[in-house]
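Tertiary structure, described
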2 protein chains.
Amino acid sequence: MEDRETFHCNDNGDAGGGSNVVEIYPLSRYFFGSKDAIPDKDDCPADRIQRMKANYTARGMRTCVHGILLVELFQHPHVLLLQVRNSFFKLPGGRLRSGESDVEGLKRKLSRKLSSEEKVTDDDWQIDERIGMWWRSDFETLPFPYLPPNLHRPKECTKLFLVKLPTTRHFIVPRNLKLLAVPLCQLHDNNETYGPIISGIPQLLSKFSFNIIQD
Amino acid sequence: MEDRETFHCNDNGDAGGGSNVVEIYPLSRYFFGSKDAIPDKDDCPADRIQRMKANYTARGMRTCVHGILLVELFQHPHVLLLQVRNSFFKLPGGRLRSGESDVEGLKRKLSRKLSSEEKVTDDDWQIDERIGMWWRSDFETLPFPYLPPNLHRPKECTKLFLVKLPTTRHFIVPRNLKLLAVPLCQLHDNNETYGPIISGIPQLLSKFSFNIIQD
């Protein structure tokens, strides 16, 4: 594997601030348990859209924060995704409360979806760089990775943050969700299965070199 | 336009190092001229692949560096692309010489494609963050935004850098190339026209907030 490691560490000439090297640890370092289900807010997609519209009228633009958590398997980075009802996939995260910062909100949501404790202060999520943002002009249409021209009142902004995992930890997942590690090579360009936001994650991560820490 | 600007500047809670705000200036601030054509190295795509293979045997992996230069038009960011023979599009940039750093090589290539002077030292290109990397396992296949699993000897690595433009400048372009400003909304998801690397640029830029400086 010498060649791969040489390529990964070749970070000469990078002119930006901050490190472009991300350390990732084998999936075997992490442990998984379950907790009570988080009840669904909506019975069907139409209910969800109805709820989004009512919320927009009451509170204005919806801002969501999502975490990208990476582990290594077969020498390749994998993203931790939550699967809902054996069908669609989502990133851990969710909607910000009014007045809450991106980092506070993301920590709260990660704890709710992935920890036994719900108190953020008890948890140690290390929120790193924001690596992407998507905008929705409408709750029924596809999001775009830019504010669409002539759109003066976006309905939703989704921000993606890299979350750096410690060398080991327990994940405690609600019983109605499944936590899966999905390889970058399966996500890439796979809009059909994962939707535009998740299938674009490999591109958003491509600026980083991964330093895979072996056991 | 007040709403848009509020959205663009809402950068609270970002945990990464470095600024996420990119200032861009109207296209009207820039001036365009031409210079002698840069001769084509290959008569046809098959010749190009032959040349790439011979170079790989002689020198090993090919590393390319490309610059993403942004201007504003109609309140929306546009990317400067070079069009070759009224057909395909490419980013300004090219192959690194042996021993050359990413930044040195990109400055040299930007001057060759976009300036009257070829001497890097006379030029003032401001190379910012690396925002993406693509790998090719073969010169005949599509690139991927990750090192494909089990690929021990990639043939090519393409690195994309954000280049910050000054408030005004002249671009001097070889006569056999056309310099075009293409809006993000036209590039996004438009693999067919622009290929996977260029059509993915809006996603790679989505982490930034654009501060559009008006005249």
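The written sequence of each chain sets the order in which its residues are numbered from 1. Each chain is given a letter, starting from A, and each ligand a number, starting from 1, according to the order in which they appear as written. Predicted model: local features are reported for residues with pLDDT of at least 70 only, side-chain atom pairs are reported and counted for 80 or more only, and whole-chain, interface and lining totals are derived from all residues. With hydrogens and water excluded, all non-hydrogen atoms of the structure serve as input to the side-chain values.

Which entries qualify depends on this criterion: UniProt positions are given in the numbering used here, feature names are shortened, and annotations may be inferred rather than shown by experiment.
For chain A, an unreviewed UniProt entry supplies the name Pre-mRNA cleavage factor Im 25 kDa subunit and the organism Ensete ventricosum. Per UniProt, chain A has the following entry under Subunit (unreviewed entry): "Homodimer. Component of the cleavage factor Im (CFIm) complex." Of the comments in the UniProt record for chain A, the one headed Sequence similarities (unreviewed entry) reads "Belongs to the Nudix hydrolase family. CPSF5 subfamily."

Side note on the overall build of chain A
Keep this limit in mind: Under the scheme used here, helices are H or I runs from DSSP no shorter than 4 residues and strands are E runs no shorter than 2 residues, and both carry numbers assigned from the N terminus. The rule is simple: take the accessible area with a 1.4 Å probe, protein chains only, and divide by the maximum for that residue type; under 20% is buried, over 50% is exposed, in between is partly exposed. Surface accessibility follows the Shrake-Rupley procedure with a 1.4 Å probe radius. Residue values consider only the protein chains on display as shielding.
Helix and strand counts for chain A stand at six helices and eleven strands. With 215 residues in all, chain A has 53% of them scored as buried. Of the roughly 10,000 Å² of accessible surface on chain A, a fraction of 49% belongs to carbon and sulfur atoms.

So, the pairing of strand S1 (residues 21–24) of chain B
Looking along a regular strand, one sees side chains alternate from face to face of the sheet. All names here are of chain B. Selection criterion: Two strands qualify as a pair provided that DSSP identifies no fewer than 2 bridges between them.
On S1, burial follows the alternation: Val-22 and Ile-24 on one face are buried, whereas Val-21 and Glu-23 on the facing-out side are not. Taken together, the four bridges between S1 and strand S11 (residues 209–212) define a ladder with parallel strand orientation. Among the inter-strand pairings, Glu-23 is bridged to a residue of S11, identified as Asn-211.

Thoughts on the pattern of salt bridges
Residue and element names in this part refer to chain A. The line we're drawing: Salt bridges are counted wherever a side-chain nitrogen of Lys or Arg sits within 4 Å of a carboxyl oxygen of Asp or Glu.
Going through the model one piece at a time under the given rule, you end up with 24 salt bridges over all chains. Across the pair Lys-159 and Asp-102 runs a salt bridge whose closest N-O atoms are separated by 3.1 Å. Here Lys-159 is found in strand S8 (residues 156–164), whereas its partner Asp-102 is found in helix H3 (residues 102–114), with 57 residues between them in sequence. Residue Lys-159 is classed as buried on the basis of its relative accessible area, which comes to 2%.

Some details on the side chain of A:Arg169
Residue and element names in this part refer to chain A. For clarity, the threshold we go by: Polar contacts here mean pairs of N or O atoms no more than 3.5 Å apart (in protein, one a potential hydrogen donor and the other a potential acceptor; neighbouring residues in sequence count only if both atoms are side-chain atoms). The contact criterion used throughout is that any non-hydrogen atoms of two residues lie within 4.5 Å.
Examined against the element boundaries, Arg-169 turns out to sit in strand S9 (residues 169–174). Taking the relative accessible area as the measure of exposure, Arg-169 reaches 12% and is therefore buried. A distance of 3.1 Å separates the side chain of Arg-169 from the side chain of Ser-115, its partner in a polar contact. In this structure Arg-169 touches Arg-29, Tyr-30, Phe-31, Leu-114, Ser-115, Asp-123, Asp-124 and Trp-125, once residues within four positions along its chain are discounted.

Description of the packing of aromatic side chains
Under the convention used in this document: Here the aromatic set is Phe, Tyr and Trp, taking the six-membered ring for Trp, and pairing holds for ring centres within 6.5 Å; pairs whose planes are under 30 degrees apart are stacked, those over 60 apart are edge-to-face, and all others are tilted. For a lysine, the NZ atom is tested; for an arginine, the CZ atom; a charge sits over a ring if that atom is within 6 Å of the ring centre and within 35 degrees of the ring normal.
The full count for this structure, using the stated rule, is eight aromatic pairs over all chains. Arranged with centres 4.8 Å apart and planes meeting at 50 degrees, the rings of A:Phe89 and A:Tyr194 form a pair that is tilted. Of this pair, A:Phe89 sits in strand S5 (residues 89–90) while A:Tyr194 sits in helix H5 (residues 191–199); the two residues are 105 residues apart in sequence, bridging distant segments of the chain. By relative accessible area, A:Phe89 is classed as buried at 16%. By relative accessible area, which is 8% here, A:Tyr194 ends up buried. Taken together, A:Tyr30, A:Phe32 and A:Phe171 form an aromatic cluster joined through their ring pairs. For B:Arg169, the ring lying beneath its charged end belongs to B:Trp125, and the centroid distance is 3.9 Å.

So, helix H2 (residues 45–59) of chain A
Residue and element names in this part refer to chain A. Formally: A helix's residues, less one, multiplied by 1.5 Å, set its expected span. To obtain the arc, one takes the directions from the helix axis to the C-beta atoms.
The end-to-end C-alpha separation of H2 is 21 Å, in line with the 21 Å expected for 15 residues at 1.5 Å each. Every buried residue of H2 is accounted for by Ile-49, Met-52 and Asn-55. In a view along the axis of H2, the buried residues occupy a sector of 125 degrees, so they form one face of it. Facing away from the buried side of H2 by over 90 degrees, the exposed positions are Ala-46, Gln-50, Thr-57 and Ala-58.

Notes on the environment of B:Phe144
Positionally, B:Phe144 belongs in the loop between strand S7 (126–136) and strand S8 (156–164). Residue classification places B:Phe144 among the partly exposed positions, given a relative accessible area of 26%. For the pair B:Phe144 and B:Thr158, spaced 14 residues apart in the sequence, the C-alpha separation amounts to 9.9 Å. The residues touching B:Phe144, leaving out its near neighbours within four places in the chain, are A:His188, B:Met133, B:Trp134 and B:Trp135.

Details of the environment of B:Leu142
Residue and element names in this part refer to chain B. The topology assignment puts Leu-142 in the loop between S7 and S8. Measuring from C-alpha to C-alpha, the distance between Leu-142 and Gly-195 comes to 9.1 Å, with 53 residues separating the pair along the chain. Setting aside residues up to four positions removed in sequence, Leu-142 forms contacts with Trp-135, Arg-136 and Pro-196.

What to know about unusual backbone geometry
A positive phi angle, close to 60 degrees, is found at A:Gln75, a residue other than glycine. Inspection of the secondary structure assignment puts A:Gln75 in the loop between strand S3 (62–73) and strand S4 (76–84). One non-glycine residue, B:Asp189, lies in positive phi territory at about 65 degrees. Looking at the element boundaries, B:Asp189 is found in the loop between helix H4 (184–187) and helix H5 (191–199).

Some remarks on the side chain of B:Ser206
Tracing the backbone shows B:Ser206 in the loop between helix H6 (201–205) and S11. By relative accessible area, B:Ser206 is classed as buried at 3%. For B:Ser206, the side chain forms a polar contact with the main-chain oxygen of B:Gln203, separated by 2.9 Å. Ignoring anything within four residues of it in the chain, the contact list for B:Ser206 reads A:Ile131, A:Gly132, A:Met133, A:Pro145 and A:Leu204.

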